[in-house]
Amino acid sequence: MPMTIWEKIRDMFGSGPTAQGRGGEVSVTTCGLEGVDSVLLLKLSVGTELTLREVGGRVEAMRKDRPAGFLSGQEGGHVARLMEQGARLNCRVIHISPEAPLVRVRISILME
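Residues numbered from 1 in each chain as written. Predicted model: local features only at pLDDT ≥ 70, side-chain atom pairs only at ≥ 80, totals over all residues. Heavy atoms only, no water.

Colleague: Please clarify how the nonpolar core should be interpreted in this entry.
Modeller: Looking at soluble globular proteins, one finds that nonpolar side chains tend to be buried together. Residues Leu33, Leu50, Leu52, Leu71, Val103 and Val105 are the most contacted members of the largest nonpolar core, which totals 22 residues. Of all elements in the fold, only strand S1 (25-34), helix H2 (38-41), strand S2 (49-55), strand S3 (58-63), strand S4 (66-71), helix H3 (73-84), strand S5 (89-97) and strand S6 (102-110) reach the threshold of two or more residues within this core. A per-element tally of this core places S5 first, with 4 residues. Non-local contacts of Leu71, meaning those with residues more than four positions away in its chain, are made with Cys31, Gly32, Leu33, Glu34, Leu52, Arg58, Val59, Gly76, Val79, Val105 and Ile107. (Core = buried A, V, L, I, M, F, W, Y, C linked by side-chain atoms within 4.5 Å. Buried < 20%, exposed > 50% of the residue type's maximum accessible area, 1.4 Å probe, protein only. Helix = DSSP H or I, 4+ residues; strand = E, 2+ residues; numbered from the N terminus. Contact = heavy atoms within 4.5 Å.)

Pasting the structure below:
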């Protein structure tokens, strides 16, 4: 019996769960961090995941319980509202420029 196109695709890419058991993610924004910790900057790399928390009305990106920097005003406001609504968010470093110092991150909503 000939294989259907879906069977061929499943065989090529696998049919198991998505990476890390996630159902995928949808990018919300890409922005730079403000107030970047210069010591921590040297320890970051592209792909590093940061956790987010709200502190004094601002959204702070954390690496292992240490502040890495804050999301800028407008993006921080949008992300704070998503956090208040209970969205599961991911924050990942996508660009680092130690000379600037500049750290850019992508914020995504994790799908279930």
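Colleague: When you look at the pairing of S2 in this model, what are you seeing that I'm missing?
Modeller: The side chains of a regular strand alternate, residue by residue, between the two faces of the sheet. By the bridge criterion, 2 bridges tie S2 to S5 in an arrangement that is antiparallel. Bridge assignment links Glu49 to a residue of S5, and that residue is Arg92. Where S2 lies against S3, 5 bridges are found, and the strand directions are antiparallel. If you follow Thr51 over to S3, its bridge partner there is Met62. Between S2 and S3, which pair antiparallel one after the other, the connecting turn spans 2 residues, and Gly56 there sits at a positive phi close to 55°. (Pairing = 2+ DSSP bridges.)

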